[in-house]
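Observations on the model geometry
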Amino acid sequence: MARPGSGLLAPVNGLGYPPQNLARVVVWEWLNEHGRWRPYSAAVCHHIENVLKGDARGSVVLGQVDGQLSPYVIDLQSMHQFRQDTGTMRPVQRNFYEPSSAPGKGVVWEWENDNGSWTPYDMEICVTIQNAYEKQHPWLDLTSLGFCYLIDFNSMSQTNRQSQRKRRLRRRMDLAYPLIMGSIPKSQSWPVGASSGQPCSCQQCILVNSTRAASNAILASQRRKVYGGTGGNSGASVTLTGVRQSNTFAGTSLWSPTSTSSGTNNNNISVGGGHAKAEQVQSPLSSANFPCSPVMPSLSSAHGHHALTINGQNNLNRPGTQRISMGTARGAIPPGVPALPVKNLTGSGPVHPALAGLPVCLTRAPKPILHPPPINKSDMKPVPGINGMRRKTKKKHLRRGKNPEDVVRRYTDKIKVAPDEDCTICMERLVMSSGYEGILQHKGIKPELVGKLGKCGHMYHLLCLVAMYNNGNKDGSLQCPTCKTIYGEKTGTQPPGKMEYHVIPHCLPGYPDSKTIRIVYDIPAGIQTNEHPNPGKKFSARGFPRHCYLPDNDRGRKVLKLLIMAWDRRLIFTIGTSSTTGESDTVVWNEIHHKTEFGSNLTGHGYPDPNYLDNVLTELSAQGVGEDNLKD
């Protein structure tokens, strides 16, 4: 049955800080390496809130409520998620939504990935989809939220506006997210804001922050051009008034422009936002500042005025106006002139993402140079000092350790008198029994026994160390959850594949005097085994073969030797959920960064990058593959 009414362009600024005396729904989210907050399930959020009530500075063991999250622990004091088997840390935040929104009702919107399983949308998008669904709009355009997808509620499908590929989507009911009453506390999230201290220096965060800085630089450049222009006699004067509204997602502010006008023969653009106090900034614009932009076609020509009204949250009941208006605006863009890159807009600049479709003349964005010029096979030479040009991993796995008790006893010394401090695994006092008492039982290890790790000296309940080992790869190694020191030889869960490496006669940017080492990884799709998240289920392998590049110098060859060692230990890749596409059960990188751009550095994965070799050596060392492992 067709849904009545007109379609809807997704509003951008529909959420702000609510009044302090109302109930709010709490959603906990974690930050992936592409700067998007991904929500935990409602059951996990209830578990976190229950722990938070008891100890706001404690830790949350996610495996107690979701078996697939057994390696993960959230530290509430630092607001980070820690993965015990790999040492990976990711920021988390506590977000708030209206009780009448999708998470308050237990509504989950999901799209079907290539494996036939279902992936939930980001919570911001889920709330927007549910809002349009309840208003019985037949379709929803997500362009203004930074995604080129069209949601069709009649066919329950998602269409990529560029590739025209369709995917099924579904709406299902789940447990409602936890509800809190009273005043809303200050944002507990990362990044907190400008006053949060020094930013994180890891490559993941550097990439996210550099992308944000680049987009702000583009906007600042455009503003300088706009402010520097002078109005002519064209009579196309537009005055933008900024309305600042708080944003709960990242602790920053969004700008929601509205317009005022004066004079005759003017083009008036009005973009309304939500309910907020106005902080006005006058920005006179003229057609002289947009040489590529013709005068906007009029929707109403009375008195010589061209009025174009695009309201935000206040106009959701009249979406036809939005659809016509934005369509007209996009139609005015001359061929070949790119619009503002919506995905790079964070809302921190004075230009709102809803204006991304308006005609703005920018320099065409350069394309990344991913691969070198064509190379003959005879020009590919072995890497000096390294035997062979190929490594393979077979289906047989590396030798596993003995039972968990033996592994824990091998790397710990028993403590007779335990100090009166916390065990950072179960958060119980060391003088008390382990928090895993009654949950985990081992004949040779009593819940009150305490051990000290040999190298770093950190102390834990022995039963807690056994539980941590059981949640990991069970490869005979341990990693201290406090300082990340590795005991034994750490191995991973990388599926079978091959690694090739050779020298090609081309130079990388920043290394004009060196040739280039090219690494080619190739992993086919297959079936997951017992060490993977979903044993017996198929996993996909997207983007293979993957090409990576190093300079052919002494330091580059050292990195290659360590990467070969990491490959043999099956640490380069793993099976998980792609933070780029959201696809689950697929081969993903495993926290060792590679350079996949040959001749540019537009994505942060290319050259020049003078710190890359040092950074990747640090990442390899964190996986237990250090320079001390190399033989002279």
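Residues numbered from 1 in each chain as written. Predicted model: local features only at pLDDT ≥ 70, side-chain atom pairs only at ≥ 80, totals over all residues. Heavy atoms only, no water.

**Considering the packing of helix α6 (residues 404–411) against helix α7 (residues 462–471)**
As a reminder, the rule being used: All axes here are fitted lines through C-alpha atoms, helices being fitted over the stretch that makes contact, and every angle between N-to-C directions spans 0 to 180 degrees. Each helix is a run of H or I in the DSSP string that is no shorter than four residues. Each strand is a run of E no shorter than two, and both are numbered from the N terminus. Here roughly perpendicular refers to angles of 65 to 115 degrees, roughly parallel to angles under 35, roughly antiparallel to angles over 145, and oblique to all remaining angles. A clockwise turn of the near helix away from the far one marks a right-handed crossing, whereas an anticlockwise turn of less than a right angle marks a left-handed crossing. It only takes one pair of heavy atoms within 4.5 Å for two residues to be counted as in contact. Three categories are distinguished: nonpolar for Ala, Val, Leu, Ile, Met, Phe, Trp, Tyr, Cys and Pro, charged for Asp, Glu, Lys and Arg, and polar for the others, with Gly belonging to the last.
Put simply, α6 and α7 touch, their axes get as near as 9 Å, and they point 120° apart. Regarding the angle of α6 to α7, the classification is oblique. For the element pair α6 and α7, the recorded crossing hand is right-handed. Contacts from Pro404, Val407 and Val408 of α6 reach α7 at Leu462, Leu465, Val466, Tyr469 and Asn470. Within the contact of α6 with α7, the residues separate by chemical class into seven nonpolar, one polar and no charged.

**Details of the side chain of Glu583**
Basically, it comes down to this: Polar contact is the term for a pair of N or O atoms within 3.5 Å; when the atoms are in protein, one must be able to donate a hydrogen and the other to accept it, and sequence-neighboring residues count only if both atoms are side-chain atoms.
Within the secondary structure, Glu583 is located in the loop between β33 (573–576) and β34 (586–589). Only 2.9 Å separates the side chain of Glu583 from the side chain of Ser540, close enough to count as a polar contact. At 3.1 Å, the side chain of Glu583 and the side chain of Arg542 are in polar contact. In this structure Glu583 touches Trp111, Asn113, Asp114, Asn115, Thr119, Ser540, Arg542, Gly576, Thr577 and Ser578, once residues within four positions along its chain are discounted.

**Digging into the packing of aromatic side chains**
This is how it is decided: Between the rings of Phe, Tyr and Trp (Trp by its six-membered ring), a pair exists once the centres lie within 6.5 Å; its type follows the angle of the planes, with under 30 degrees stacked, over 60 edge-to-face, and the other angles tilted. A 1.4 Å probe rolled over the protein chains alone gives each residue an accessible area, and that area as a share of the maximum for its type sets the label: buried under 20%, exposed over 50%, partly exposed in between. Ring-over charges, as used throughout, are those where CZ of Arg or NZ of Lys falls within 6 Å of the ring centre and within 35 degrees of the ring normal.
Summed over all chains, the structure comprises twelve aromatic pairs. With a centroid separation of 5.5 Å and 25° between ring planes, the pair formed by Tyr521 and Trp567 is classed as stacked. With Tyr521 in strand β29 (residues 516–522) and Trp567 in helix α8 (residues 554–568), the pair connects residues that are 46 residues apart, well separated along the chain. The same class applies to Tyr521 as to Trp567, namely buried. Each residue in the set Tyr521, Phe544, Trp567, Phe573 and Trp589 is aromatic and connected to the rest through ring pairs, giving one cluster. Its guanidinium or amino end placed over the ring of Phe544, Arg546 lies 4.3 Å from that ring's centre, counting from NZ or CZ. Cation over ring: Lys595 sits above Tyr607, and NZ or CZ is 6.0 Å from the ring centre.

**Some remarks on the sheet that holds strand β32 (residues 546–551)**
Selection rule: Between any two strands, pairing holds if DSSP finds at least two bridges.
The sheet built from four strands is open, its strands ordered β22-β28-β29-β32 with antiparallel pairing. Bordering the open sheet on either side are β22 (390–393) and β32, each of which pairs with just one other strand. Each adjacent strand pair in this sheet contributes to an overall mean axis angle of 15°, direction not counted. The sheet contacts of α8 involve β22, β28 (497–504), β29 and β32, and relative to β28 the element is tilted by about 170°.

**Remarks on the sheet that holds strand β24 (residues 450–453)**
What the three strands build is an open sheet, ordered β23-β24-β25; its pairing is antiparallel. Of all the strands in the sheet, just β23 (412–415) and β25 (459–461) have a single pairing partner and so form its edges. Between one strand axis and the next, the sheet turns by 35° as a mean value, whatever way the strands run. Sheet topology note: the β23/β24 ladder contains four bridges and is antiparallel. What sits directly across from Asp413, in β24, is Lys452. Against the sheet, α6 engages β23 and β24, with an angle of about 85° to β23. α7 contacts β23, β24 and β25 of the sheet and is inclined by roughly 85° relative to β25.

**Section: the pattern of salt bridges**
Side-chain pairing between opposite charges can occur once the charged atoms of the two side chains come close. The following threshold applies: Any Lys or Arg side-chain nitrogen located within 4 Å of an Asp or Glu carboxyl oxygen qualifies as a salt bridge.
Evaluated as defined, the whole model comprises 28 salt bridges. Here Arg570 ties to Glu531 by a salt bridge, and the two come within 2.4 Å at their closest N and O atoms. Of this pair, Arg570 sits in the loop between α8 and β33 while Glu531 sits in the loop between β30 (526–527) and β31 (538–539), placing them 39 residues apart in sequence. Under the relative-accessibility criterion, Arg570 is labelled buried at 6%. Residues Glu627 and Lys558 are paired through a salt bridge, measuring 2.9 Å at the closest nitrogen-oxygen approach. Separated by 69 residues along the polypeptide, Glu627 in the segment after α9 (612–622) and Lys558 in helix α8 bring together distant segments of the chain.

**With respect to the packing of α8 against α9**
Contact geometry for α8 and α9: axes closest at 11 Å, N-to-C directions at 25°. Comparing the axis directions of α8 and α9 gives the class roughly parallel. Considering how the two elements wind past one another, α8 and α9 form a crossing that is left-handed. Taking contact as the criterion, the partners of Arg555, Gly556, Val559, Leu562, Leu563 and Ala566 in α8 are, on α9, Leu613, Asp614, Val616, Leu617 and Leu620. Split into classes, the residues belonging to the contact of α8 with α9 amount to eight nonpolar, one polar and two charged.

**Notes on the environment of Val625**
Its location among the elements puts Val625 in the segment after α9. For the pair formed by Val625 and Leu562, sequence separation is 63 residues and the distance between their alpha carbons is 6.5 Å. Not counting the four nearest positions on each side in its chain, Val625 is found in contact with Leu562, Met565, Ala566, Arg569, Leu571 and Leu620.

**Some remarks on the confidence of the model for the chain**
A low pLDDT score tells you not to read the predicted coordinates there in detail. Quick note on the threshold: Per-residue confidence from the predictor is reported as pLDDT, a score between 0 and 100.
For the chain, the mean per-residue pLDDT works out to 73, and 66% of the residues sit at or above 70. The low-confidence segment residues 12–19, where pLDDT is below 50, has 27 contacts with residues more than four positions distant or belonging to other chains. Confidence over residues 186–212 falls short of pLDDT 50; this stretch has 39 contacts with residues more than four positions distant or in other chains.

**Considerations on the side chain of Ser70**
Looking at where Ser70 falls in the secondary structure, it is placed in the loop between β4 (59–61) and β5 (72–75). Reaching out from Ser70, the side chain makes a polar contact with the backbone oxygen of Gly67 at a distance of 3.2 Å. Sequence-distant contacts of Ser70, that is, excluding residues within four places in its chain, are made with Gly63, Gln84 and Asn471.

**A look at the pairing of β24**
Here β24 runs beside β25; their pairing, made up of three bridges, is antiparallel. Bridge pairing in β25 links Gly451 to Tyr460. Counted along the chain from β24 to the antiparallel partner β25, the turn is five residues long, and its residue Gly457 has a positive phi close to 85°.

**What about unusual backbone geometry?**
Working note: non-glycine residues mostly have negative phi, and peptide bonds are mostly trans. Following Phe544, the chain continues into Pro545 via a peptide bond in cis, with omega recorded as 0°. Considering the arrangement of structural elements, one finds Pro545 in the loop between β31 and β32. A cis amide bond, omega 5°, links Tyr607 with the succeeding residue Pro608. With respect to the helices and strands, the residue Pro608 is situated in the loop between β34 and α9. The backbone of Gln136 sits at a positive phi, close to 60°, despite the residue not being glycine.

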